[in-house]
Amino acid sequence: MPTVYIEYGFAASPAISQGLHKAAPVASEKLAVSGTAAVSAAAPGGMTVNGQDQNIARVTTDVDVWLTSGTGTPNPSNAPRRVLLAGSSIDLLVPAGHKIAVKALD
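Just so we're clear, the structure is a prediction, and the values are computed from it rather than from any experiment.

The rules we used
- Every chain is numbered independently, its residues counted from 1 as its sequence is written.
- The predicted nature of this model means local features are confined to residues of pLDDT at least 70 and side-chain atom pairs, given and counted, to a pLDDT of 80 or more, with totals for whole chains, interfaces and linings taken over all residues.
- For the side-chain quantities, the full set of heavy atoms in the structure was used; hydrogens and water were omitted.
- For Phe, Tyr and Trp, rings pair up if their centres lie within 6.5 Å, where Trp contributes its six-membered ring, and each pair is then called stacked (planes under 30 degrees apart), edge-to-face (over 60) or tilted (otherwise).
- Charges are assigned to positions over rings by a cutoff of 6 Å between ring centre and Lys NZ or Arg CZ, combined with an angular limit of 35 degrees from the ring normal.
- Put simply, a salt bridge is a Lys or Arg side-chain nitrogen that is within 4 Å of an Asp or Glu carboxyl oxygen.
- By definition, any uninterrupted DSSP run of H or I lasting at least four residues is a helix, any uninterrupted run of E lasting at least two residues is a strand, and each is numbered from the N terminus.
- Residue burial is assigned from relative accessible area. The probe radius is 1.4 Å, only protein chains are included, and a residue is buried under 20% of its type maximum, exposed over 50%, and partly exposed in between.

Visitor: Give a description of the packing of aromatic side chains that names residues and reports values.
Guide: Summed over the entire model, instances satisfying the criterion amount to zero aromatic pairs. It is Arg-81 that lies over the ring of Trp-66; its NZ or CZ is 3.4 Å from the centre.

Visitor: I'd like a rundown of the pattern of salt bridges, residues and numbers included.
Guide: The full count for this structure, using the stated rule, is two salt bridges. Its salt-bridge partner being Arg-58, residue Asp-91 comes within 2.8 Å of it at the nearest N-O pair. With Asp-91 in strand E9 (residues 89-93) and Arg-58 in strand E6 (residues 55-61), the pair connects residues that are 33 residues apart, well separated along the chain. Relative accessible area serves as the criterion here: at 9%, Asp-91 is assigned to the buried category. Take Arg-58: its relative accessible area is 26%, and that puts it in the partly exposed class.

Rendered as structure tokens:
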């Protein structure tokens, strides 16, 4: 089954988050990907420095997906969204309470 993995953690710096995660993730989950949206749990309460979020969501996929994040129920069927290709991952700065949503690329 096509799958997306999400790890929530904290960055060493919000300015240069890529690859600079502090310690192990504080939460992780697995989403099954289909033609309809799969939505993650909310990002855990976070860490801020000087008022800037340092929450990181690392999203890794084994299938091509549309990806978005936001509060409530984010919809990866509509812009703004991004493409994440199979075999890749991305680190996103996400405020506490935001969710990640994915669906199969159409």
